[in-house]
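Geometric and topological summary
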Amino acid sequence: MLKSKIAGIGHYVPETITTNDDLAKVMETSDQWIQERTGIQERRYAKKHEETTATMGTKAARIAIERAGITPEDVDFIVFATLSPDYYFPGCGVLLQRELGITKTEIGAVDIRNQCSGFIYGLSIADQFVKSGMYKNVLVVGSEMHSMGLDYSTRGRNVTVIFGDGAGAVVVQPTEDANSGILNTKLHSDGTYAEKLAFVSPGSHGGYHTKKQGYDTEYGFDENIEYGEIFVTQKMVDEGQLYPQMEGQFVFKLAVTKFPEVINEGLTDAGLKASDIDMLIPHQANLRISQFVQKRMGLRDDQVYNNIMKYGNTTAASIPIALCEAWEAGKIKEGDLVCLAAFGSGFTWGSALLRW
Ligand code: UT7
């Protein structure tokens, strides 16, 4: 039976390092608070006005393409996962196509908006296209440039200190080798708590949210506002609503339940158990979440790879960056059982189980 495998992987992180002390200069926070609560020591910020989500994604993609032994012209489908796109529209997929110099039009490009689980959703989409025989070289990219859109005042500190910039990419190809490739992917969603971790304004709701922190769906409307005037209002600017918002503890509690659940779901489906995992790459949301999941799954330190200490949470890019780093460091070898898992905004979550 036709399966799919990761044939090439690459990542890119910008050069500029922003430390916790750098952030403490502009907002009320401290290196101690950030490290204790999240494990993060520093993160990367892209070069303002030079780099974008699409250009970083392109850098990662070029490496993945080369390692897969193909050229950009061989790519026949692009899946681009991001929550921080260059434009509202069009999506980053076509911008990446252009940056890669792919001029042929016998290619499709899709952007997916699944935040932290974006890469796993993207990998699953690629897996289905490849297994069905429709495409032979699917490029999956996760890239984020958070730095441009964060609130650097104390008001935004609970979110801002967590996020960083970067990109990762893989090329997914068909394989007939029964002993390697993607064994399964498991995807979930629950929209009940959509606003617990969200960036809601401006939007087609045409209002402004009325609770600043931990808000549910409650909007305020100015009756005098006309069509065309409602997209960004002065009130949104004044109240700092044009930033992501998160009810951290709520998200944390769900994350530590859903990670083990979805990892076990994939393992059970494949007739495997936690001790069979050679490398777990959890989405890098918070080192404390990863440690909790590791303990719950009964895994040793060498069975889990974390790099949030250096990069913060890079959302859709975090898994491919970590996977790439672990592979480059020789921590993932041929035949290893690799598990990827993520949970985040939506809420959406998922896992992917692969034989490397
Ligand atoms: O990747 C997508 C999924 N996201 C996640 O999985 C994130 C999950 N949540 C978390 O990782 C944690 O909730 C955070 C790291 C975001 C926050 O940690 P926490 O222990 O849940 O803190 P908290 O939000 O409950 O805030 C505790 C206190 C508050 O002060 P008071 O009200 O107790 O006086 C905050 O105002 O810490 C304060 N605080 C900060 N203090 C210094 C919040 N952010 C900061 C900060 N520096 N950066």
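Relevant structure appears above.
Let me sum up the structure you'll find in this document.

The rules behind the values
Residues numbered from 1 in each chain as written. Predicted model: local features only at pLDDT ≥ 70, side-chain atom pairs only at ≥ 80, totals over all residues. Heavy atoms only, no water. Helix = DSSP H or I, 4+ residues; strand = E, 2+ residues; numbered from the N terminus. Rg over C-alpha atoms; globule rule 2.2 N^0.38 Å. Contact = heavy atoms within 4.5 Å. Areas by Shrake-Rupley, 256 points an atom, 1.4 Å probe, with all protein chains shown as cover. Buried < 20%, exposed > 50% of the residue type's maximum accessible area, 1.4 Å probe, protein only. Pairing = 2+ DSSP bridges. Salt bridge = Lys/Arg side-chain N within 4 Å of Asp/Glu carboxyl O. Near = heavy atom within 4 Å. Polar contact = N/O pair within 3.5 Å; in protein donor to acceptor, adjacent residues only side chain to side chain. Nonpolar A, V, L, I, M, F, W, Y, C, P; charged D, E, K, R; others polar. Domains from an automatic or database assignment. Axes fitted to C-alpha atoms, helices over the stretch in contact; angles between N-to-C directions. Parallel < 35°, antiparallel > 145°, perpendicular 65-115°, else oblique. Left-handed = near helix turned anticlockwise from the far one by under 90°.

Once that is clear, we can look at the overall build of the protein chain. For the protein chain, the count of helices and strands is eleven helices and 15 strands. Taking 2.2 N^0.38 as the reference for a compact globule, 356 residues should give roughly 21 Å; the C-alpha atoms of the protein chain span a radius of gyration of 20 Å, in line with that estimate. Each of the three principal axes of the protein chain carries a C-alpha extent, and together these read 65 × 50 × 35 Å. Put simply, of all contacts in the protein chain between residues at least 6 apart along the chain, 77% involve residues at least 24 apart. As displayed, the protein chain offers around 15,700 Å² of accessible surface, 50% of which is attributable to carbon and sulfur atoms.

Next up on the list: the pairing of strand E13 (residues 279–282). A two-sided burial pattern is seen for E13, the buried positions comprising Met279 and Ile281 on one face and Leu280 and Pro282 on the other. The pairing of E13 with strand E14 (residues 337–344) spans four bridges and is classified as parallel. Residue Pro282 lies in a different strand from E14, and its bridge partner there is Ala341.

Let us look at the pairing of strand E15 (residues 348–355). Of all eight residues in E15, seven are buried, a share of seventy percent or more. Pairing between strand E8 (residues 181–189) and E15: eight bridges, direction antiparallel. Bridged to Gly181 within E15 is Arg355.

Bringing the pattern of salt bridges into the picture now. The final tally for this structure, using the stated rule, is eleven salt bridges. Residue Glu51 pairs with Lys59 through a salt bridge whose shortest N-O separation is 3.6 Å. Note on Lys59: relative accessible area 40%, which makes it partly exposed.

A cis amide bond links Phe89 to the next residue, Pro90, at an omega of 0°. Note that Pro90 resides in the loop between strand E4 (77–81) and helix H4 (92–99). Here the residue pair Gly346 and Phe347 is connected by a cis peptide bond, since its omega of -10° sits within 30 degrees of zero. Counting through the fold element by element, Phe347 comes out in the loop between E14 and E15. In this structure, His49 takes a positive phi of about 70° despite not being glycine. By the secondary structure assignment, His49 is in the loop between strand E3 (42–45) and helix H3 (53–67). With a phi angle near 45°, Thr315 is a residue other than glycine that sits in the positive phi range. Relative to the helices and strands, Thr315 resides in the loop between helix H10 (308–311) and helix H11 (318–328).

Around the ligand sit 21 residues in total, of which Thr29, Arg37, Gln249, Asn286 and Asn313 are the nearest. Within the contact set of the ligand, a nitrogen atom lies 3.4 Å away from a side-chain nitrogen or oxygen of Trp33. Between an oxygen atom of the ligand and a side-chain N or O atom of Asn286, the distance comes to 2.7 Å. Relative to its unbound accessible surface of 940 Å², the ligand loses 73% to contact with the protein. Elements with a contribution of two residues or more to the shell around the ligand: helix H2 (31–38), helix H6 (157–160) and helix H8 (248–269). If one sorts the elements of the shell around the ligand by residue count, H8 sits on top with four residues. Tallied by class, residues from the shell around the ligand come to ten nonpolar, eight polar and three charged. Mapped onto the domain boundaries, the shell around the ligand takes at least three residues apiece from domain 1 (3–175) and domain 2 (181–193 + 247–355).

The interhelical angle for the contact between H3 and H4, taken along N-to-C directions, is 55°, at an axis separation of 9 Å. As the angle between them shows, H3 and H4 are arranged oblique. H4 is crossed by H3, and the crossing has right-handed handedness. Within the contact between the two elements, H3 uses Thr53, Ala54, Thr55, Gly57, Thr58, Ala61 and Arg62 and H4 uses Cys92, Leu95, Leu96 and Glu99.

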